[in-house]
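The chain contents come next:
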Amino acid sequence: MTKNTQVIYLKDYQVPVFIIETTDLDIRIGDEYTSVVARLKVSRNPASDADTSELVLQGGSGIKLQEVMMNGLILDDSDYDLEDAALSIYQCPETFELTTQCLIQPQLNTTLEGLYKSGGMYCTQCEAQGFRNITYYLDRPDALSIFTTRISADKERYPILLANGNPVEQGELDNGEHFAVWHDPFPKPAYLFAMVAGDLVRQDDVFTTMSGRKVDLQIFVEAHNSHKCDHALASLKRSMLWDEKVYGREYDLDLFMIVAVDDFNMGAMENKGLNIFNSDCVLADPATSSDAMFERIEGIVAHEYFHNWSGNRVTCRDWFQLSLKEGFTVYRDSQYTADTYSAAVKRIDDVTVLRTHQFAEDAGPMAHPIRPASYIEINNFYSVTVYEKGAEVVGMIHTLLGDELFRKGSDLYFDRHDGQAVTTDDFIAAMSDASGVDLNQFTRWYSQAGTPTLTVTDVYDAACHEYRLTVEQSTPATPECQLKQPFHLPLRMALLDVNGVQMPLTLKNVGLLPNKDVVLNITKASETFVFEGVTHEPVPSLLRGFCAPVKLDYGYTQAQLLFLASKDTDGFCRWEACQRLLIDAVAQAMLKPVGYQLELELVTMLRSSLVDETLDPAMVAKLVQLPSEAYLAENQSTVDVDLIHAGREAMRVAIAQALESQLLDCYQRNHDTGPFSQTGNAIGKRALKNTCLSYLNSLDDFNYQAIAQVQYDLQANMTDVGAALQILTGHKNSDISAPLLADFYQRWQHDSQVVCQWFAMQAGANLPGRLTHVKALLEHDAFDIRNPNKVRSLVGSFIRSAINFHCADGSGYEFVADMILRLDPINPMIAANLAKPLGRFKPHTIHRQELMQAQLHRLSQAKLSSDVYEVVSKALAAS
Ligand code: B3K
Ligand code: ZN
């Protein structure tokens, strides 16, 4: 099915035979060819005992090698071997200078890896293995080198020339060209290399570090986006300050640059001193970006900035260690958002992503531990598991160690490994050495995939005042491992009395605990904890703050859940209790959607949240929102997307009917007519009122449509406009949606960020029969299959609309397979991302499983990239 099916194993890791001490690049941008001269100072690696004098450099198929020189002498064909993916130099001495000259054609590079052209600008994306498309190199993260980069290009079309580090020289050349030289004093692997050449404008700011150094902050964008930089700059400064305060980490260079690029495979990239961002993840303006986008941008700016320590100063030894930098950095950016805004709301958002996407991945054919043992294509492992579950694993270490020891551990990790390429074991060792906490068993989180289930049972002995809590854990088999060893995990819990007050806790054989909120160390397949002096039967509040990435199975009664939903002092657990009740109710509605009515207890619960003006409005919005269809699917053993859709829609109507006046009142109370504000409170109020408006519009009442129409017409900000539009375009009657969509496009066609929202809204609308419309949009002038944002907003959103992607006639699957085949030769990374949902057929009804497998078989007949091949072959192996 493909040319490249080589499996790479962690167990085969070997240190590099050679070291590249310095890398001098001379990159001359030309219209047809770009020339790359790389002068490398090479020496043998004393850490390697390999019995060879051959230096093997990786290179992509698009490189044309012109010349190879060793110590100034041109090598002839017999001195080296050139194959598609490697340049091998025979008989290398202990130290030498190697110079290669290559030609590349970035303007033809549609994979967006290496050097490529986005619109009128040249830019790079080198992680994981893009640098080898620029020149022959030791393209592995443990090969650290000091880079100097000289770029030359036509001055008029490319007035801005950027690379990592500090500017050291610039000047004019003949033929209207100019050049710039950049030097990065910090040794780095090639994946952190970056350069940019384009016609960009700059927005400036400055940050003074804790040691009093002045750092220039610069964001480069196309001129028409210059008004959209303020939020990213403010976010960057907040992140820099936070990392100093919370982790004691200071920025090291005198310059920090961000460049916004329209064609980008993911969100952003943490290249040393020169972050490159997908425009959509850095540019924001209240008129064009919703509150959710602002929040996302702040999180990504923080994430990339935090990588300067967790990723750049201390990097990964090999790509199996990806979670070392990604899990830790996601954890750091989550902490940042939690500290800066609402911690409970951030926790709820993170857990929702984990349960909706990571649990599904962990149960599917691509399941892998956060440190995979093998891969075919590393790009497939920039996954929710490596990122989000990886962050949860770091969070568990924090919970087990406590704040002080966790900080001690991170200090030791950064100090011990500054300037090195290390492993997740090194991270664990630093945490354990600094704290004295034994984390040996904990390392299983790095090698075992799958989501554990914690089954908790309890017995209260009223006569002895004893409360016994038994915790059992089990983890399902995953493709790489059948039999799982028990994990070490923290179980944070409290016992609540009848008033919801946390009881003092006395653990048998331990004594009175200092806190009423205890972290139990769970290490065995089954263990029992006995609490003494419990004067009356408590309600347990378990897995507080979602302290471990597990599924909790405790037989809560409805009465207990209602109690926790109103009384639990832990924000996450309170929300969790509400969600469990709502999930149970949707399950009822699925059985009998027509005329479904909400139980009185649930009406009371939702009402009390809606009318409580003392609560954070963002939290109220979370408490009353129904879980998404994808989240609900995670709770079903067999997923019938139509039933879930029908049940959830019935539930929405039932809630709106039962609470119509409170929803309207809550909408009006939270509808700000004053000047636009972006405080946490103002953002929360918008989230809440738009939740209410959405419920009200499920009633199909012209009055509520009119409210949404007024909100749209006001054009106050994209949060309100987008919400109103989504509500109105979700209407079955296209007489309502069509003119609005046309109006919206008319207003915003010049702004590609908004055009993407326009695509996403239409493709993701939760209405049946969207495929014809999506196919028509593929032909729209604004659609471009080479632009990942457009593909994600149209095809990605279509896949997320379960009733359409999983349409019983198989048309959704066939369409997605068609798109994968079209995209694979253009951009394999994006094609493989579309293939992953097709591979997750297991939980669906048999009929759908067969249809999905038929498309996977069809794909397997084609010549595929290694990216898509890996996803398709692993899915078929599970069928
Ligand atoms: N480190 C990059 C991701 C690179 C993805 C390569 N396929 C962005 C980030 O996680 O910060
Ligand atoms: Zn990252």
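These numbers were taken from a predicted model, which means no experiment stands behind them. (Residues numbered from 1 in each chain as written. Chains lettered and ligands numbered in written order. Predicted model: local features only at pLDDT ≥ 70, side-chain atom pairs only at ≥ 80, totals over all residues. Heavy atoms only, no water.)

Side note on the overall build of the chain
Move 1: In terms of helices and strands, the chain carries 26 helices and 33 strands.
Move 2: For the chain, the C-alpha atoms occupy an extent of roughly 90 × 70 × 60 Å along the three principal directions.
Move 3: Counting only residues that meet the buried cut, the chain has 59% of its 879 residues in that class.
Move 4: Within the chain, contacts between residues at least 6 apart in sequence are counted, and of these 70% link residues at least 24 apart.
Move 5: Distance between charge centroids for the chain: 3 Å, based on 73 positive and 114 negative side chains. (Helix = DSSP H or I, 4+ residues; strand = E, 2+ residues; numbered from the N terminus. Buried < 20%, exposed > 50% of the residue type's maximum accessible area, 1.4 Å probe, protein only. Contact = heavy atoms within 4.5 Å. Lys, Arg positive; Asp, Glu negative; His and termini not counted. Charge placed at Lys NZ, Arg CZ, Asp CG, Glu CD.)

Topic: the coordination of the zinc ion (ligand 2)
Move 1: At 1.9 to 2.1 Å from the zinc ion (ligand 2) lie its protein donor atoms, namely H303 (NE2), H307 (NE2) and E326 (OE).
Move 2: Each donor residue of the zinc ion (ligand 2) belongs to the same chain, with the gaps between them written as H-x3-H-x18-E.
Move 3: Classification of H307 by relative accessible area gives buried; the value is 0%. (Donors = N, O, S within 2.8 Å, 3.2 Å for Na, K, Ca; no water.)

Details of the sheet that holds strand β25 (residues 453-461)
Move 1: Taking strand neighbours across the sheet as the criterion, the six strands line up as β29-β28-β31-β26-β25-β33 in an open arrangement whose pairing is mixed. Unpaired on one side and paired on the other, β29 (511-512) and β33 (551-554) mark the two borders of the sheet.
Move 2: Pairing between β25 and strand β26 (residues 466-474): nine bridges, direction antiparallel. Within β26, the position partnered with D458 by the bridge is L469. (Pairing = 2+ DSSP bridges.)

Some words on the site of ligand 1
Move 1: Residues in close proximity to ligand 1 total 14 residues, the closest being E127, A268, E270, E304 and Y387.
Move 2: H307 places a side-chain nitrogen or oxygen 3.2 Å from an oxygen atom of ligand 1.
Move 3: In this structure, an oxygen atom belonging to ligand 1 sits 2.9 Å away from a side-chain N or O atom of E326.
Move 4: For ligand 1, whose accessible area on its own is 340 Å², the fraction buried by protein is 95%.
Move 5: Listing elements by their share of the shell around ligand 1, those giving two or more residues are β20 (268-269), α2 (291-306) and α3 (322-340).
Move 6: Within the shell around ligand 1, the residues separate by chemical class into six nonpolar, three polar and five charged. (Near = heavy atom within 4 Å. Polar contact = N/O pair within 3.5 Å; in protein donor to acceptor, adjacent residues only side chain to side chain. Areas by Shrake-Rupley, 256 points an atom, 1.4 Å probe, with all protein chains shown as cover. Nonpolar A, V, L, I, M, F, W, Y, C, P; charged D, E, K, R; others polar.)

Some details on the pattern of salt bridges
Move 1: The full count for this structure, using the stated rule, is 57 salt bridges.
Move 2: We note a salt bridge from R213 to D254, for which the minimum N-O separation is 3.1 Å. Of the two residues, R213 sits in the loop between β17 (201-208) and β18 (214-221) while D254 sits in the loop between α1 (230-247) and β19 (255-261), which places them 41 residues apart along the sequence.
Move 3: A residue is classified by how much of its surface remains accessible, and R213, at 27% relative accessible area, is partly exposed.
Move 4: Assessed through its relative accessible area of 43%, D254 is described here as partly exposed.
Move 5: A salt bridge links R407 to D411; the nearest nitrogen and oxygen atoms lie 3.0 Å apart. Here the residue R407 and the residue D411 both occupy positions in helix α5 (residues 384-417), the gap between them amounting to four residues, near one helical turn.
Move 6: You can call R407 partly exposed: its relative accessible area is 30%.
Move 7: Taken together, the shared-partner salt bridges in this structure form one network comprising E127, E270, K325 and E326. (Salt bridge = Lys/Arg side-chain N within 4 Å of Asp/Glu carboxyl O.)

Structural notes on the domain arrangement of the chain
Move 1: By domain assignment, the chain separates into domain 1 (1-199), domain 2 (314-447), domain 3 (453-548) and domain 4 (550-699).
Move 2: If you average the C-alpha positions of domain 1 and of domain 3, the two centres end up 55 Å apart. (Domains from an automatic or database assignment.)

Considerations on empty space enclosed by the protein
Move 1: A complete count under the given rule lists two cavities of 30 Å³ or more for this structure.
Move 2: Estimated volume of the largest cavity: approximately 100 Å³.
Move 3: If you go around the largest cavity, you meet 14 residues; those closest to its centre are L542, L552, Y556, C573 and E576.
Move 4: Among the elements of the structure, β32 (539-542), α8 (558-567) and α9 (571-591) are those that each provide at least two residues to the lining of the largest cavity.
Move 5: The dominant element in the lining of the largest cavity, judged by the number of residues it contributes, is α9, at five residues.
Move 6: Within the lining of the largest cavity, the residues separate by chemical class into ten nonpolar, one polar and three charged. (1 Å grid on protein atoms, 1.4 Å probe; cavity = no way out; pocket = protein on both sides within 12 Å on 5 of 7 lines; lining within 4 Å. Points joined across faces, edges and corners; volume = space filled by probe spheres on them.)

Notes on the packing of α3 against helix α4 (residues 343-362)
Move 1: The interhelical angle for the contact between α3 and α4, taken along N-to-C directions, is 145°, at an axis separation of 7 Å. Here S334, T337 and A338 of α3 lie close against α4, whose contacting residues are A343, K346 and D350.
Move 2: Taken together, the residues of the contact of α3 with α4 break down into two nonpolar, two polar and two charged. (Axes fitted to C-alpha atoms, helices over the stretch in contact; angles between N-to-C directions.)

Quick word on unusual backbone geometry
Move 1: E127 connects to A128 through a cis peptide bond whose omega is 0°.
Move 2: Within the secondary structure, A128 is located in the loop between β11 (121-125) and β12 (145-154).
Move 3: The phi angle at N509 is positive, at roughly 70°, despite the residue not being glycine.
Move 4: Judged by relative accessible area, N509 falls into the exposed class, the value being 79%.
Move 5: Non-glycine residue L543 carries a positive phi angle of around 55°.
Move 6: Exposure remark for L543: the relative accessible area of 2% places this residue in the buried category.

Things to note about the nonpolar core
Move 1: I89, I397, F442, L520, F531 and M651 are the most contacted members of the largest nonpolar core, which totals 284 residues.
Move 2: Setting aside anything within four residues of it in sequence, one finds F531 in contact with H465, E466, Y467, L469, M493, L495, L505, T506, L507 and L520. (Core = buried A, V, L, I, M, F, W, Y, C linked by side-chain atoms within 4.5 Å.)

Regarding α1
Move 1: In this model, α1 (18 residues) spans 25 Å end to end at C-alpha, consistent with the 26 Å of a helix rising 1.5 Å per residue.
Move 2: Among the residues of α1, those classed as buried are H231, A232, L233, S235, L236, S239, M240, W242, D243, E244 and Y247.
Move 3: Turning to α1, the residues buried within the fold contact β17, β18, β19, α2, α3 and α5. (Expected span 1.5 Å × (residues − 1).)

As for the sheet that holds strand β13 (residues 160-163)
Move 1: With respect to topology, four strands assemble into an open sheet ordered β10-β11-β16-β13, the strand pairing being antiparallel. Taken across any chain shown, the strands that pair with only one partner, and hence form the sheet edges, are β10 (114-118) and β13. Ignoring strand direction, the axes of neighbouring strands in this sheet form an average angle of 20°.

Some remarks on the packing of aromatic side chains
Move 1: This structure, assessed with the given rule, holds 38 aromatic pairs.
Move 2: Measuring from ring centre to ring centre gives 5.6 Å for W309 and F414, while their planes differ by 70°; the resulting arrangement is edge-to-face. Highlighted residues: W309 in the loop between α2 and β22 (315-316) and F414 in helix α5, separated in sequence by 105 residues.
Move 3: Classification of F414 as buried rests on a relative accessible area of 0%.
Move 4: In this structure, R150 is placed above the aromatic ring of F179, and the distance from its NZ or CZ to the ring centre is 4.4 Å. (Phe/Tyr/Trp six-rings, centres within 6.5 Å; stacked < 30°, edge-to-face > 60°. Lys NZ or Arg CZ within 6 Å of the ring centre and 35° of its normal.)

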